[in-house]
Amino acid sequence: MAAAPRPGSEGADPALPLPAHIAGPPGRRRTPPERMPVYALVGNPNCGKTTLFNALTGLRQKVGNYPGVTVEKKVGETYSQHGHAMRVIDLPGAYSLAARSPDEAVTRDVLLGRRADTPQPDRIICVVDACNLERCLYFVHQILDLGRPVIVVLNMMDLTARAGLEVRPAELEEALGVPVISCAAVQGRGVVELRLAMSRRELPLARHSWTVPAPIAPVVAELQASLVAADGRPPLIARAEALLLLTDQDSVRVAGSTPLSAVTGAVLENWRRRWTGQGTDWSGTLIKARYEVIHGLCREVIRRTGDCGPSLADRADALLVNSGWGWLAFAAVMAVMFYAIFALAEYPMNLIDGVMADLADRVKDAMEPGDLQNLVTSGMIGGMGGVVIFLPQILILFLFVGLLESTGYMARAAALMDRPMSRVGLHGKSFIPLLGSYACAIPGIMATRTIENAKDRLVTILVAPLMSCSARLPVYLLMIATLLPGDAVPAATKAGLMFLMYALGTAGAFGFAWLFKRTFLRGDPPLMILELPPYQPPHFGEILRQMLERAWLFLKNAGTIILAISIVLWFLSTYPKHPDPAASPEVQIAHSFAGEAGRALEPLIQPLGFDWRIGIGLVTSFAAREVFVSSMGVIFGVEGAEGDTAPLRDALRAAQWPDGAPLFTPLVCLALMVYYVFAMQCMSTVAVVKRETNSWRWPLFQLAYLTGTAWVVTFLVYQSGRLLGF
Amino acid sequence: MSASPFPLIPLCQLPAGETGRILRLTGDEGFCQRIREMGCGEAALVTKLSGTTMSLCRVRGMRLALNHRAAIGILVEHLPLAPR
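Presented here is a report on the structure given in the accompanying data block. Along every chain, residues carry numbers that run from 1 in the direction the sequence is written. The order in which chains are written sets their letters, starting at A; the order in which ligands are written sets their numbers, starting at 1. Side-chain atom pairs in this predicted model are given and counted only at pLDDT of 80 or more, local residue features only at pLDDT of at least 70, and totals for whole chains, interfaces and linings cover all residues. Only hydrogens and water are removed before side-chain values are computed, so all heavy atoms of the structure are retained for them.

**Some remarks on the pattern of salt bridges**
Salt bridge, as used here: a side-chain nitrogen of Lys or Arg that lies within 4 Å of a carboxyl oxygen of Asp or Glu. Enumeration according to the criterion identifies 31 salt bridges over all chains in this entry. The partner of Arg34 of chain B in a salt bridge is Glu104 of chain A, with the nearest N and O atoms 3.0 Å apart. Of the two residues, Arg34 of chain B sits in helix H1 (residues 29-40) while Glu104 of chain A sits in helix H3 (residues 102-111), which places them in two different chains. Classification of Arg34 of chain B by relative accessible area gives buried; the value is 5%. Here Glu104 of chain A falls in the buried class, since its relative accessible area comes to 3%. Salt-bridge contacts for Asp358 of chain A lead to Arg362 of chain A; the nearest nitrogen and oxygen are separated by 3.0 Å. Taken together, the residues span about one helical turn, with Asp358 of chain A and Arg362 of chain A both in helix H13 (residues 346-366) at a distance of four residues. Between buried and exposed lies partly exposed: a residue is buried under 20% and exposed over 50% of the maximum accessible area for its type, with that area taken using a 1.4 Å probe on protein chains only. According to the relative accessible area criterion, Asp358 of chain A is partly exposed, its value standing at 38%. A residue is classified by how much of its surface remains accessible, and Arg362 of chain A, at 56% relative accessible area, is exposed. Ionic contacts of the salt-bridge type, sharing partners, join the residues Glu72, Arg449, Arg457, Arg691 and Glu692 of chain A into one network. A run of H or I in DSSP counts as a helix once it spans at least four residues, and a run of E counts as a strand once it spans at least two, with each numbered from the N terminus.

**Comments concerning helix H4 (residues 133-144) of chain A**
Residue and element names in this part refer to chain A. What a helix should span is 1.5 Å times the count of its residues minus one. In this model, H4 (12 residues) spans 16 Å end to end at C-alpha, consistent with the 16 Å of a helix rising 1.5 Å per residue. For H4, the tally of buried residues reaches 12 of 12 residues, placing the bulk of the element in the interior. Within the span of H4, buried status applies to Leu133, Glu134, Arg135, Cys136, Leu137, Tyr138, Phe139, Val140, His141, Gln142, Ile143 and Leu144.

**Observations concerning the packing of aromatic side chains**
Residues and elements named next belong to chain A. Only the six-membered ring of Trp is used, alongside the rings of Phe and Tyr, when aromatic pairs are assigned; centres must lie within 6.5 Å, and planes under 30 degrees apart are stacked while those over 60 apart are edge-to-face, with the rest tilted. Considering all chains together, one arrives at 23 aromatic pairs over all chains under this definition. Here Trp711 and Phe715 contribute two aromatic rings whose centre-to-centre distance is 5.2 Å and whose plane-to-plane angle is 10 degrees, an arrangement assigned as stacked. Highlighted residues: Trp711 and Phe715, both in helix H30 (residues 697-723), separated by four residues, approximately one helical turn. Judged by its relative accessible area of 31%, Trp711 is partly exposed. Whether a charge lies above a ring is judged from NZ of Lys or CZ of Arg, which has to be within 6 Å of the ring centre and within 35 degrees of the ring normal. Sitting over the face of the ring of Trp271, Arg274 holds its NZ or CZ atom 4.2 Å from the ring centroid. Here the basic side chain of Arg613 rests over the ring of Trp612, its NZ or CZ set 5.8 Å away from the ring centre.

Here it is as structure tokens:
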């Protein structure tokens, strides 16, 4: 599907030569260089770069139908048609080299060779959405200025007819002077042709040229000369950077920018002062000049074949974003999701429960009674099994998140949510990271890189852990099962209680965002412009792949961290042995290390209705929230004589205070869920916030304010409940 | 910029289904630059699809959602007939 090869560029060669700047002067080269050529995959957000990256490298990076899925560079390897290795770097989507957000800054810095950890790409693959060619070509136009060999991939060619367009790759190739590959990456079409183009010995440099507008031309020349002389930039990069400095009015703001030398800075400042005095809009002039060239190009390359009146998608958008129906649809999606988590998961959960019980029985029969048998059945199988049983419900959550992402609804939900979010000082773009945090706060926090404003981004990071992640699901489910046992209670009631917890976390996130935006992170109300991706049928293969990946991560976690903590906890609750071998399990655990530690903690948590055993669960679950469930399994498995096989919820319902009062009353179950809604019980989140904010100040602040809030709110819930007679 | 024979209105006030030509961008410079780079600069044709608080529109073949604060800074001339 590639357009006809250009003279001098055709034919693949097994000995793909490296560019001169890597390989060195030909005359002095004696042995083939070892460094493999580096390709960068770039393009606008949501144009299919990662799908193409996965097809080329065989890797399985996450893809989705909304802008901002990839927020950091991903590296993989592929092979030329003759088996030579080539490195491919998948870069975050960007609308321009003038970066406005941290993810775009990654792309700019890699392309300009500013990153010490990444080699500057030798060749660049520009992926463009064939249905949005004019807009995508703006970024391609900037890339061509870098003077590197470029391959243009016209992706989504299968959708052009539906959009009423006919796009001609051969004409585009002729106009730009670089290879243009026609592609439909989702269907795997065009990947072979792209690999062939990547395998070419020589790739022609772009024939494209454009005239910098006359008022700007002198400063481009002066800045280019200064960047070469004072900043040591190669001449071609210097020209691209000069144009970038003039387009990017805030070029030094975004993280990763290389500071300019004093000489170049003075040149830029001098010209800016002069233009400002004359009222010249240098940035607008440059962008307009590029678009004029692109517009002319598109007239040659695109033919409109259909009507451009309102489409079905336009009508659907009007309904889903700009009407009361949008809120109804959103509420319905959420209700169905929570109901499905309870109603559909029952059968596989019973199956896992049966397998775990059977395994424990077999091990018990095969081993002599004693500490080792107790370690395996209570510590290992009991601890791990208590968490693994919740896998089906977590998978159902990911199925729904995958459906929202894949169909294009996620961006519509972000647009819908902009209005309520703007009331607390956030904008719709914060919605996608926050919704992602329902699955896991870590990718959610990383997704904030798409937010341009640093204060808005920080507020989103600070409140993201309040969105109930999937690790909290086992805790909620266990507490709901303890609170509302048996089949007599309808699934809808349980789903409603669970929804209440999610709503409480969301309300907390909005409340704190409002507080932060009116105090120490004060800023202007945000402006939002969001590109709405096309509606697509869900890619069930991709959704299934992401669910399996998530299941594997969950099981790996259960088999490593949770297993290790369960074993340590078993040891701490079993030793030292009570002097009286006939002591009851309750007396034994109270005598153990865990019992001692828990009692030391008890005064702090007793006002919340929690005893020392729950306290141990709170401490151990700081590693990961779901560890609370395994900790309860170990602690109550040790205590109960029949605890090995009895369901955990029955053990919890039977648990008592020393005076015989039940421990897990409905009020305590509710208080415990409320505690987990607010508490920042996750070491990995602390680490990722440190990395994203590049400081310990914010994660420590976040830890303090969330833990403090959890204690205060739980105290209020529990004590108010008691006053009301619960 | 040449004077427009048509009334100049913010994008949020452009009626649904109508087309306008962007004549002026006002407000935050960085934001103006970004929307120009996305193809919504001066002289671009914009078709309003729906909404006033959240303006959904089509520009150069792409579908965009702009909140009220963003749309109020984009001044368009209301063209009487949608160009094909």
